[in-house]
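What follows is the residue order along each chain.
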Number of protein chains: 2
Amino acid sequence: MNQSYRTYLEKNRDAHLSELREFLSIPSISALSAHKSDIKRTAEWLVNALQAAGLENVQIISTEGNPIVYADWMHAENDVTALIYGHYDVQPVDPLELWQTPPFEPDIRDGKIYARGATDDKGQVFMHIKAVEALLKTEGKLPVNVKFCIEGEEEVGSPNLEPFVEKHKDMLAADVLVISDTPMLEKGKPAICYGLRGLCAMQIDVKGANGDLHSGIYGGGIANPLHALSEILASFHDKNGKVAIEGFYDKVKPLTKEERQAFRDLKYDEEALKKELGVNELYGEEGFNFLERTWARPTLEINGMYGGFQGEGIKTVLPSEAHAKISCRLVADQDPAEIQDLIERHVHKHTPPGVQVSLTRMDSGRPFQMPYNHPVIQAAMRAYEKAYNATPALTRMGGSIPIVEGFSRLLNIPVVLMGFGLPGENFHAPNEHFHLENFDKGMITICEYWGELSQIKQ
Amino acid sequence: MNQSYRTYLEKNRDAHLSELREFLSIPSISALSAHKSDIKRTAEWLVNALQAAGLENVQIISTEGNPIVYADWMHAENDVTALIYGHYDVQPVDPLELWQTPPFEPDIRDGKIYARGATDDKGQVFMHIKAVEALLKTEGKLPVNVKFCIEGEEEVGSPNLEPFVEKHKDMLAADVLVISDTPMLEKGKPAICYGLRGLCAMQIDVKGANGDLHSGIYGGGIANPLHALSEILASFHDKNGKVAIEGFYDKVKPLTKEERQAFRDLKYDEEALKKELGVNELYGEEGFNFLERTWARPTLEINGMYGGFQGEGIKTVLPSEAHAKISCRLVADQDPAEIQDLIERHVHKHTPPGVQVSLTRMDSGRPFQMPYNHPVIQAAMRAYEKAYNATPALTRMGGSIPIVEGFSRLLNIPVVLMGFGLPGENFHAPNEHFHLENFDKGMITICEYWGELSQIKQ
């Protein structure tokens, strides 16, 4: 591939950084309605940037929430089309006093740009625009067709994205979805994430008598909802840290030998993690190490539980209610609704006498997993090697990004999670920043990726 | 026994009731420091009432908290001495808006006197004073020696009573302690309580990582303190509702055949209880019914538990801490400190890996149990029969009144719990009241008791 785009990026670096500062200085906080007009301004800013880069059909499409910005360039010589997803909204900035420089006054120091959204995700959206611009300005064309879909509600759970994708399937049709919103392994070690855990959450409410009772007068003679809840919660796991819900693991894709070896090759430092978290030992499902447990095995966690007296000292009350919030992280091919069914059955089976239990289904998202030897991922690996001179790690993530699976399912396309942020860059926290080293190498990776992608056999 | 005291009580009923109103109108709330001067006024009021009744050595004895009022009459022909314990302090009155008439403006309606303290315990203290007065005014003497010890901190846990008793053992020396602060079984059915459960409370704190973690990134790979706590709490009981702590029942005095039959003879209505509490079934230790479970068997209850997210919806957090407050009700001859030792050992044994657990000992009080065939109780039964024309039930109570055991142990004397309140009289709640029927019959019972007591063989 012609490397003149590199010269373009080098020559225009200062101009690009000052454009990026402009982009980052608009406080596009989606969680706070006071920033509605900033959201609008950011979408408009993107329209200009996309048009200036040479993209076409640039438009702001309204949704029931914040608008989505669309653009494309569809004149490639082959018929491979990449869809780039990103988001222009950012997290709130509290606590403001912990920021060394104001979150919306981008500051470059020590080779990093500090601002809310620097890494998550405005910085990385900007890189995709500039990569396209560099190719178009130097070659006059791109090796593949590209489409941009940049939303403004990712930080509030993307409530309007799936309906949007469903409605605009034709417009968004592509051969691969590229998202730059996941972390690298560490400095100098890029990573391609091929799996995300899904999620399903539930609330468990246990009810005993119709009011709190005196534990002296009634204690021992009537069921205590806190006991009942403890029994239910304790029944979720067996002694080996496995989830004890019947059928829970039935659809879990086992880790392959190859994957386990690849995870081991990452030489994850469990000792350092213990130190960082201040624990004497790690704990989880028997037979798996930390990376396997958090990347590739499903879990059930209690996120909260409460009932009865929480003040200082003691109150000899026999409470009438007890509550817990639980959530499962799921892996392919577990189905959130099926797992919720299994949990419901388990809870009813393990509810001791004398109390009523009710369950409420809350958030859910399917797990996502790509075959890591898929051609679009192999192409990405080659692109990374050219930019970073290093083989990217093939990783999974323990967290959930439900839109990834939604996009993939609705458009029936593979996904490449090609993120350039570093783990310590404080996304969602004060002093968010982005390493400019990855700003530079990331744009090269993207340009090379379009080249590699144009070579793969469909 | 000469019955002229009855005429005296009848003739002076109105005067006594208006004195009682005066006593009840002083807001002697011990929990609120704003009422310090009311406490003092109440003690002074008692001094006058005791002197007017013909008692001697009447004095206010200061403690580190509220003062204790003492009085005696020691001229009986035999050498039997009864010590009467009561308290002149009352509970707070919130929520005030639920009172039909103001709590400190006593109102008589439907044969009941409404006021804070009417039944708990000013009304019953007053009855003891007037019973003595009736006998002294009509006979010029009492059948036994009596001592009064009336404290002002019962509603805040009597923190200064045991030190006081310890210090004044000689002054308080007696053959029997009489307390009128427990309920009758129901209207027309008096009861003598011969057993009270003890208490020991603990807090359990479970600590995992040094901060809350993202359940996606760490979930499944590090111990969750909420899980650990649930397991600990669930381990406290076996499947049959028995406490599963090793050694817990070792010192429990078994119920005798006779007692179980006596409990059954009370024909306690478990169906009515279920309806009242809104539960489908009662629950507790296998092999025992509700009265046995709550009166005569020890328990372990979770009074509160909390950790993690408690708000609306879900937060996928892996919390760093979990907490529970537990308390045991104990029966003779369990020792609170020993039980706390056993709990501590059990908790450490059942703490799963990956978390730190710490225990804090809180309130404790020993159980109390009298042999129900003790002469001082048999004498009380005869007195009740004369006043109520009904055999009093021999009952136990599930609650704890730690001072009962303390008095009994320190002075080495039997205790007769001779209460005249009814279960529905709202002690500790708005619209506290006292049935005047039991005001009248109670004073007769007391007078007859002094007569019966003078007959028993030492």
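Residues numbered from 1 in each chain as written. Chains lettered and ligands numbered in written order. Predicted model: local features only at pLDDT ≥ 70, side-chain atom pairs only at ≥ 80, totals over all residues. Heavy atoms only, no water.

Draft legend 1. Spotlight on the overall build of chain A. Scanning chain A for helices and strands turns up 15 helices and 18 strands. Radius of gyration (C-alpha) of chain A: 25 Å, near the 23 Å computed for a compact globule of 458 residues. Taken along its principal axes, the extent of the C-alpha atoms in chain A is 85 × 50 × 45 Å. Distance between charge centroids for chain A: 3 Å, based on 46 positive and 65 negative side chains. (Helix = DSSP H or I, 4+ residues; strand = E, 2+ residues; numbered from the N terminus. Rg over C-alpha atoms; globule rule 2.2 N^0.38 Å. Lys, Arg positive; Asp, Glu negative; His and termini not counted. Charge placed at Lys NZ, Arg CZ, Asp CG, Glu CD.)

Draft legend 2. Examining the pattern of salt bridges more closely. All names here are of chain A. Taken as a whole, this structure holds 55 salt bridges over all chains when the rule is applied. A salt bridge links arginine 109 to aspartate 107, with the nearest nitrogen and oxygen atoms 2.7 Å apart. A salt bridge links glutamate 344 to arginine 361, with the shortest nitrogen-to-oxygen separation between them at 3.3 Å. Placement of glutamate 344 in helix H12 (residues 336-349) and of arginine 361 in strand E14 (residues 356-365) is noted, with a sequence separation of 17 residues between them. (Salt bridge = Lys/Arg side-chain N within 4 Å of Asp/Glu carboxyl O.)

Draft legend 3. Here's a closer look at the domain arrangement of chain A. All names here are of chain A. Taken domain by domain, chain A comprises domain 1 (4-196 + 367-455) and domain 2 (198-252 + 298-365). Here the C-alpha centroids of domain 1 and domain 2 sit 40 Å apart. Counting residues at the interface gives seven residues for domain 1, matched by eight residues for domain 2. Of all residues in domain 1, Pro367, Gln369 and Ser400 give up the largest surface area on contact with domain 2, accounting jointly for 71% of the area buried on that side. Linking domain 1 with domain 2 are zero salt bridges, by the criterion used here. Seen at the junction of domain 1 and domain 2, the total is two residue pairs in polar contact (both at pLDDT 80 or more). A class-by-class count of the residues in the side of domain 1 that touches domain 2 yields three nonpolar, four polar and no charged. (Domains from an automatic or database assignment. Contact = heavy atoms within 4.5 Å. Buried area = accessible area lost by both parts, 1.4 Å probe. Polar contact = N/O pair within 3.5 Å; in protein donor to acceptor, adjacent residues only side chain to side chain. Nonpolar A, V, L, I, M, F, W, Y, C, P; charged D, E, K, R; others polar.)

Draft legend 4. Broad picture of the pairing of strand E1 (residues 56-61) of chain A. Residue and element names in this part refer to chain A. Across four bridges, the pairing between E1 and strand E2 (residues 68-73) is antiparallel. Across the sheet, isoleucine 61 pairs through a bridge with isoleucine 68, a residue of E2. The hairpin formed by E1 and E2 contains six residues between the paired strands. (Pairing = 2+ DSSP bridges.)

Draft legend 5. Here's a closer look at the packing of aromatic side chains. Residues and elements named next belong to chain B. The full count for this structure, using the stated rule, is 24 aromatic pairs over all chains. Centroid distance tyrosine 384 to phenylalanine 420: 5.8 Å. Interplanar angle 45°. Geometry classified as tilted. With tyrosine 384 in helix H13 (residues 375-388) and phenylalanine 420 in the loop between strand E17 (415-417) and strand E18 (433-435), this residue pair connects regions lying 36 residues apart in the sequence. Over the ring of phenylalanine 23 we find lysine 122, and its NZ or CZ is 5.3 Å from the ring centre. Against the face of tyrosine 249 rests lysine 242, its NZ or CZ located 5.6 Å from the ring centre. (Phe/Tyr/Trp six-rings, centres within 6.5 Å; stacked < 30°, edge-to-face > 60°. Lys NZ or Arg CZ within 6 Å of the ring centre and 35° of its normal.)

Draft legend 6. Seen up close, the interface of chain B and chain A. Taken together, the 73 residues of chain B in the interface contact 73 residues of chain A. Summed over both partners, the interface of chain B with chain A comes to about 5,700 Å²; 56% of that surface belongs to carbon and sulfur atoms. The three residues of chain B that bury the most area against chain A are Tyr283, Met305 and Ile314 of chain B, which together make up 13% of that side's buried surface. If you look at where chain B meets chain A, you find zero salt bridges. For the pair chain B and chain A, the interface holds 41 residue pairs in polar contact (both at pLDDT 80 or more). Residue contributions to the side of chain B that touches chain A peak at ten residues, all from strand E11 (residues 299-308) of chain B. Along the lines of polarity and charge, the residues of the side of chain B that touches chain A split into 30 nonpolar, 30 polar and 13 charged.

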